Amino acid sequence: MAFRAALRNTSALSGLLSQVSSCNHGRVCASSVFVVAQQRNNSTSPKITVDFDQSTGVAVMRMKSPPVNSLSLDFLTEFCISVEKLEMDKSCRGLIITSSLPKVFSAGLDIMEMYGRSPERCGEFWKAVQEMWLKLYSSNMVTIAAINGSSPAGGCLMSLTCDYRIMADNPRYTIGLNETQLGIVAPFWFKDTMANTVGHRTTELALALGLLYNPNEALTMGLVDQIVPEDKVMTTAEQAMAKWLAIPDHARQITKSMMRKQTIDKLTAKREADIQNFVGFITKDSIQKSLRVYLEMLKKRKA
Amino acid sequence: MAFRAALRNTSALSGLLSQVSSCNHGRVCASSVFVVAQQRNNSTSPKITVDFDQSTGVAVMRMKSPPVNSLSLDFLTEFCISVEKLEMDKSCRGLIITSSLPKVFSAGLDIMEMYGRSPERCGEFWKAVQEMWLKLYSSNMVTIAAINGSSPAGGCLMSLTCDYRIMADNPRYTIGLNETQLGIVAPFWFKDTMANTVGHRTTELALALGLLYNPNEALTMGLVDQIVPEDKVMTTAEQAMAKWLAIPDHARQITKSMMRKQTIDKLTAKREADIQNFVGFITKDSIQKSLRVYLEMLKKRKA
Amino acid sequence: MAFRAALRNTSALSGLLSQVSSCNHGRVCASSVFVVAQQRNNSTSPKITVDFDQSTGVAVMRMKSPPVNSLSLDFLTEFCISVEKLEMDKSCRGLIITSSLPKVFSAGLDIMEMYGRSPERCGEFWKAVQEMWLKLYSSNMVTIAAINGSSPAGGCLMSLTCDYRIMADNPRYTIGLNETQLGIVAPFWFKDTMANTVGHRTTELALALGLLYNPNEALTMGLVDQIVPEDKVMTTAEQAMAKWLAIPDHARQITKSMMRKQTIDKLTAKREADIQNFVGFITKDSIQKSLRVYLEMLKKRKA
């Protein structure tokens, strides 16, 4: 999923494919994965920066995990810890999520977490993806996605969990749940989140064909709420946040819970089965093979 | 809720705020409530007039409870009795609901029924709100809302229960479930009714921000079915009614029940819990305080 | 249902009403029904032709049951057998459904299967309608409806079960679930299929009033996915099919099942009750009378 945006926009290719480049230098081989993971855990440079403005009660979370803010296990762990800290701080009422990297919001789940990994590791990874979704979709804070770049697959999911979505009006950027294009499948709670946003039929079509949409299309179908020039994304997010914060917290929070509880309860009740389902699927020989084919195609494109 | 429309349209302010004026003269004080309620019950001027045309099988119900057709316990009781009478008259096949007052269809739940009242009285009031919804949403008659004025909160809910909605195309009029703006919350069956009409995401956004829409916006999002010049609202409603009555009653009624039964069953099953939930919420000190602040703000605006 | 399209387009009348003509010559009388049914079963000319292209993996199914591809018990039986054969052939990945007749895709359920029949026969017929829906809505193949003519009632349902719908852009053609116009009712699974496609409110309005839409309206509301000039329907369907087949089968199939399983499970669980419900309804004297009135009106129009 992490590389899909590259397929549609050759201009964005160099940036988005630098991850493949890093794969070439040590991450594609399963044998080197553990070492890399260790290095990452010990990394002193965080993958996310958080600026919290006490005067407004609004935190801005900037993702900066080059080259494309892939959602690796490490990234997700750091992300969830950051969200939880803000959630527990009563003075923090709003959260804006954006990217510090050019051209990409988040390229989605890190394909390297799904390729050549042990079932245990895959399960751990999937639990972290669930955790991100649960934390964001049920957050008591007002959450706004300031989508300043492409946002395929897991990047789109992250956006969809927010209360409001503002996207940079750059026709080279795309957003969507394009999993089937890689031969994998968005799980039911990705589907539910999208259907809650754009309805059943649009979701059926989008998921079946793995469609990615440009900002204009995304606005028309309701996948995002606003599109603005790229340099206005953050200021627009701040203005929208002020509007949301004008509503009394308790009324807004009860309303949000009422809208989302059923969808959240569904995953909570089936969480372990969903992990087993993912692990069983992703570790199949046929799926591993199609991920390998996909990675090799990307490497060739780069070369 | 009863006064929200006033906030957006200063021109409508004088009409809508006269209720606040009446509060000043005896209804705000909890001690005077019982007396006022008694007076109302004994009132000889009805809050609703019903004209039933035997030749067409269509009844027109006109709300005339100045200044803004607030849904008080008395009003709701009279309303439900009127609907039930028509429902039991086999010759009555269609019902058009409209307002006899200028500029307002109904300003929604009477805030004075929620401020400074005993839990018992609050519970009685809420049961009457449920009753109105249950009667209208499951009516065997064709129901058409001829929305000839602003219709916030409970007024919007009343419209949403109808089979068809025609609104006066006056940009000063607004419609929507704006409860959160007052620090209160639309219950799940308000939410379900709106989601059945405009979908999940539009409802989430509308309820979270307590949005009110002008007629054009309401038409675009599907909150109303038609907008027409103000003096054409009733004739358009009559024409629409003729179209609906051309469908055999039994086929239309079975279809209506099929579309709405699940939503109705949900409230029926949770009715008592929903009352307890409302009473527990509305009698909280913090909620009472925000209602007081709201009332005081309105009084100042008026002055 | 079978004749409804005729009501809106006098130009299509002669074609669509020839079925009524055949009714005049032996099928309206209940006593002659069994004989006719026998004749049909022994018919050597199939009502459906199937062309399967091994090189593309795509089958084209052409309905040719003059005059209007009514869904009789015989037709449905043949239809289901054809679909099942293709479903079991692993090399068949896609199915395009279209009509060989001019001006009509399918006029829907054969009214003659519902008029003057024994309860047993009605039950057998309804089971076949369910079977068609279950087979198509859960098909592992990519299914595309190439709607090259009017498609009321059961014809609309058949289209709605497909993954994608392309309609001929001829303003004389209509599509919709217009059952209430005949005094009968679309069952819950017709309703669910339509609501999954165009949403709850649009479905409520469409079913209550038995609305038929022209291609432009159908496109705007999402009832069909594309409209193209009449002579481009098949080539467009083939192009769309190629796009769908570019998605790995397993990912697409899992996604399709995820989107539709709940709706399918609902009918599966209530199948017998749904048959009893249909039989009880359709054999009522009042319903039989309104079908007779309808048939007589059509005969008069023809004359």
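What counts and how
Residues numbered from 1 in each chain as written. Chains lettered and ligands numbered in written order. Predicted model: local features only at pLDDT ≥ 70, side-chain atom pairs only at ≥ 80, totals over all residues. Heavy atoms only, no water. Helix = DSSP H or I, 4+ residues; strand = E, 2+ residues; numbered from the N terminus. Buried < 20%, exposed > 50% of the residue type's maximum accessible area, 1.4 Å probe, protein only. Contact = heavy atoms within 4.5 Å. Buried area = accessible area lost by both parts, 1.4 Å probe. Salt bridge = Lys/Arg side-chain N within 4 Å of Asp/Glu carboxyl O. Polar contact = N/O pair within 3.5 Å; in protein donor to acceptor, adjacent residues only side chain to side chain. Pairing = 2+ DSSP bridges. Axes fitted to C-alpha atoms, helices over the stretch in contact; angles between N-to-C directions. Least-squares fit on C-alpha atoms with pLDDT ≥ 70 in both. Phe/Tyr/Trp six-rings, centres within 6.5 Å; stacked < 30°, edge-to-face > 60°. Lys NZ or Arg CZ within 6 Å of the ring centre and 35° of its normal.

Colleague: In this structure, what is going on with the overall build of chain A? I would like to understand it.
Modeller: Tallying secondary structure elements over chain A gives 14 helices and 10 strands in all. Here chain A, with 303 residues, has 62% of them falling under the buried criterion. Nonlocal contacts in chain A, meaning residues at least 24 apart in sequence, comprise 77% of its contacts between residues at least 6 apart.

Colleague: Even after reading the chapter, I still don't get the interface of chain A and chain B, so can you show me in this structure?
Modeller: Listed as interface residues are 18 residues of chain A and, on the opposing side, 19 residues of chain B. Carbon and sulfur atoms make up 69% of the surface buried where chain A meets chain B, a total of about 1,600 Å² over both sides. The largest per-residue losses of area from chain A upon contact with chain B belong to Ile247, Met258 and Met259 of chain A, which jointly make up 36% of the total buried on that side. At the boundary of chain A with chain B, the tally comes to two salt bridges. For Asp225 of chain A, the salt bridge goes to Arg201 of chain B, with nearest N and O atoms at 2.8 Å. Between chain A and chain B we count seven residue pairs in polar contact (both at pLDDT 80 or more) in total.

Colleague: I would appreciate a short explanation of the interface of chain A and chain C in the present structure.
Modeller: Listed per partner, the contact involves 19 residues of chain A and 18 residues of chain C. At the boundary of chain A with chain C, total buried surface from both sides reaches about 1,600 Å², with 69% on carbon and sulfur atoms. The largest per-residue losses of area from chain A upon contact with chain C belong to His200, Arg201 and Leu209 of chain A, which jointly make up 37% of the total buried on that side. The interface formed by chain A and chain C holds seven residue pairs in polar contact (both at pLDDT 80 or more) in total.

Colleague: Looking at this model, I keep getting lost on the sheet that holds strand S1 (residues 48–53) of chain B. Mind explaining?
Modeller: Paired through their backbone hydrogen bonds, the strands of a sheet run either parallel or antiparallel. All names here are of chain B. Spatial strand order, S1-S2-S4-S6-S8-S10: six strands in an open sheet with mixed pairing. Across the chains shown, the open sheet's two edge strands, defined by having one partner strand only, are S1 and strand S10 (226–228). Averaged over all neighbouring strand pairs, the angle between strand axes comes to 20°, with direction disregarded. Taken together, the three bridges between strand S8 (residues 164–168) and S10 define a ladder with parallel strand orientation. Within the sheet, the bridge partner assigned to Met167 lies in S10 and is Ile227.

Colleague: I would appreciate a short explanation of the relation of the copies chain A and chain B in the present structure.
Modeller: Related by rotation about an axis and a shift along that axis, the two copies of the chain form a pair. Its rotation angle being 120°, the transformation that places chain A on chain B also includes 0.0 Å of axial translation and leaves an RMSD of 0.0 Å. Each copy turns onto its partner about a three-fold axis. Across chain A, the rotation axis passes nearest the C-alpha of Gly199 of chain A, at a separation of 4.3 Å.

Colleague: Mind showing me how you'd approach the pattern of salt bridges here?
Modeller: Opposite charge on two side chains permits pairing when their charged atoms draw close. Overall, the coordinates contain 51 salt bridges over all chains when judged by the stated rule. In this structure, Arg260 of chain C and Asp163 of chain C form a salt bridge, with 3.9 Å as the shortest nitrogen-oxygen distance. In this pair, Arg260 of chain C is assigned in helix H11 (residues 249–269) and Asp163 of chain C in the loop between helix H6 (153–160) and strand S8 (164–168), connecting sequence segments 97 residues apart. The burial state of Arg260 of chain C is the same as that of Asp163 of chain C; both residues are buried. Each member of the salt-bridge network shares a partner with another, and the members are Asp163, Asp225, Lys256 and Arg260 of chain A together with Arg201 and Glu204 of chain B.

Colleague: Quick question: what am I supposed to make of the packing of aromatic side chains here?
Modeller: How two aromatic rings sit relative to each other is given by the distance of their centres and the angle of their planes. Residue and element names in this part refer to chain A. What the rule picks out here adds up to 24 aromatic pairs over all chains. Between Trp133 and Tyr137 the ring centres are 5.1 Å apart and the planes differ by 20°, which places this aromatic pair in the stacked class. Of the two residues, Trp133 and Tyr137 both sit in helix H6 (residues 119–137), four residues apart, roughly one turn of that helix. Take Trp133 and Tyr137: they sit in the same class, and that class is buried. Each member of the aromatic cluster is reached from another via a ring pair, and the members are Trp126, Trp133, Tyr137, Trp189, Phe190 and Phe278. Between the NZ or CZ atom of Lys270 and the centre of the ring of Phe188, over which it lies, the distance is 5.3 Å.

Colleague: Help me understand the sheet that holds strand S4 (residues 94–99) of chain C in this model?
Modeller: All names here are of chain C. Reading across from one edge, S1-S2-S4-S6-S8-S10 is the order of the six strands in this open sheet, with mixed pairing throughout. Strand pairing shows two members of the sheet lacking a second neighbour, strand S1 (48–53) and strand S10 (226–228), which therefore form its edges. The average undirected angle you get between the axes of adjacent strands in this sheet is 20°. With four bridges joining them, S4 and strand S6 (residues 142–147) adopt parallel strand pairing. By the bridge assignment for S6, Leu95 is matched with Thr143. Contacts between helix H4 (residues 73–88) and the sheet are confined to S1, strand S2 (58–63) and S4, with S2 contributing the most and set at about 175° to the helix.

Colleague: Just checking my understanding: could you explain the pairing of S4 of chain C for this structure?
Modeller: Remark: a regular strand shows side chains that alternate across the two faces of the sheet. Residues and elements named next belong to chain C. In terms of burial, S4 is a largely internal element, six of the six residues being buried. Residue alternation in S4 divides its side chains into two sets, Gly94, Ile96 and Thr98 and Leu95, Ile97 and Ser99, and both sets are buried. Note that S2 and S4 share six bridges and pair parallel. Paired with Met63 across the strands is Ser99, a residue of S4.

Colleague: Help me out: how do you make sense of unusual backbone geometry in this one?
Modeller: A cis amide bond links Pro66 of chain A to the next residue, Pro67 of chain A, at an omega of 0°. Within the fold, Pro67 of chain A resides in the loop between strand S2 (58–63) and strand S3 (70–71). The phi dihedral of Asn69 of chain B is positive, around 50°, even though this residue is not glycine. When you line up the elements, Asn69 of chain B lands in the loop between strand S2 (58–63) and strand S3 (70–71). For Asn69 of chain B, a relative accessible area of 0% gives the class buried.

In short, the description is geometric, and any link to function would need to be established separately.
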